[in-house]
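# Remarks on the overall topology
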Amino acid sequence: MSITYTTVGDLKVGSYVVIDGEPCRVVEITKAKTGKHGSAKANVVAIGVFSGAKKTLMAPVDQQVEVPIIEKHVGQIIADMGDKIQIMDLETYETFEMEKPTEDEIASKVRPNAEVEYWEIMGRRKIVRVK
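Residues numbered from 1 in each chain as written. Predicted model: local features only at pLDDT ≥ 70, side-chain atom pairs only at ≥ 80, totals over all residues. Heavy atoms only, no water.

Within this structure's numbering, the places UniProt gives as "domain: Translation initiation factor 5A C-terminal" (unreviewed entry) are residues 69–131. Within the segment residues 69–131, helix and strand shares are 6% and 59% respectively, and the terminal C-alpha atoms sit 23 Å apart. (UniProt positions renumbered as here; feature names shortened; annotations may be inferred. Helix = DSSP H or I, 4+ residues; strand = E, 2+ residues; numbered from the N terminus.)

Right, dumping it as structure tokens:
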């Protein structure tokens, strides 16, 4: 199970939510109360974890939304193969390939034997930090 559920009203800036099937980090929330009998609505602005794209979600605060479960792991870079890198998980010793990070601050530190923190979200992996 790679997702859980919460309501739109329980989302906070910095939390994660699934919008259009893409796990996103919430960067801004505005809530608006509507008329006498309408329910309060929230406008959630989030940035895609993998795509980096800005996404918005406009929904009633009591509407259920999917929240990605983020598994945090530590691995070691075994090989740099151009646009892909090979990583070994330091707990399970499983090795796998993943795309090289595009963020300059992380990509510039990618080198063999470096320790990395990577997240597994909804079956996809992303390096978030090079130690």
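Next comes the rest of the write-up.
To continue, consider the pattern of salt bridges. Tallied over the entire structure, the rule returns seven salt bridges. Asp20 is paired through a salt bridge with Lys55; the nearest N and O atoms lie 3.9 Å apart. Taken together, the residues span a long stretch of sequence, with Asp20 in the loop between strand S2 (16–19) and strand S3 (22–32) and Lys55 in strand S5 (residues 54–60) at a distance of 35 residues. Taking the relative accessible area as the measure of exposure, Asp20 reaches 70% and is therefore exposed. Measuring nitrogen to oxygen at the nearest pair gives 4.0 Å for the salt bridge that ties Glu22 to Arg124. One end of the pair, Glu22, is in strand S3; the other, Arg124, is in strand S11 (residues 124–130), with 102 residues separating them in the sequence. A residue is classified by how much of its surface remains accessible, and Glu22, at 11% relative accessible area, is buried. (Salt bridge = Lys/Arg side-chain N within 4 Å of Asp/Glu carboxyl O. Buried < 20%, exposed > 50% of the residue type's maximum accessible area, 1.4 Å probe, protein only.)

Here, the residues flagged by UniProt with the feature "modified residue: Hypusine" (unreviewed entry) are Lys36. For Lys36, a relative accessible area of 79% gives the class exposed.

Below, the discussion takes up the packing of aromatic side chains. Inspection of every chain in the model, using the stated rule, returns two aromatic pairs. Their ring planes at 80° and their centres at 5.9 Å tell us that Tyr16 and Trp119 sit as a pair that is edge-to-face. On the criterion of sequence distance, the pair formed by Tyr16 in strand S2 and Trp119 in strand S10 (residues 115–121) is long-range, its members being 103 residues apart. Note on Trp119: relative accessible area 13%, which makes it buried. With centroids separated by 5.2 Å and ring planes inclined at 65°, the aromatic side chains of Phe96 and Tyr118 adopt a geometry described as edge-to-face. One end of the pair, Phe96, is in strand S9 (residues 95–99); the other, Tyr118, is in strand S10, with 22 residues separating them in the sequence. Exposure remark for Tyr118: the relative accessible area of 1% places this residue in the buried category. Sitting over the ring of Phe96, Arg125 keeps its end group 3.7 Å from the ring centre. (Phe/Tyr/Trp six-rings, centres within 6.5 Å; stacked < 30°, edge-to-face > 60°. Lys NZ or Arg CZ within 6 Å of the ring centre and 35° of its normal.)

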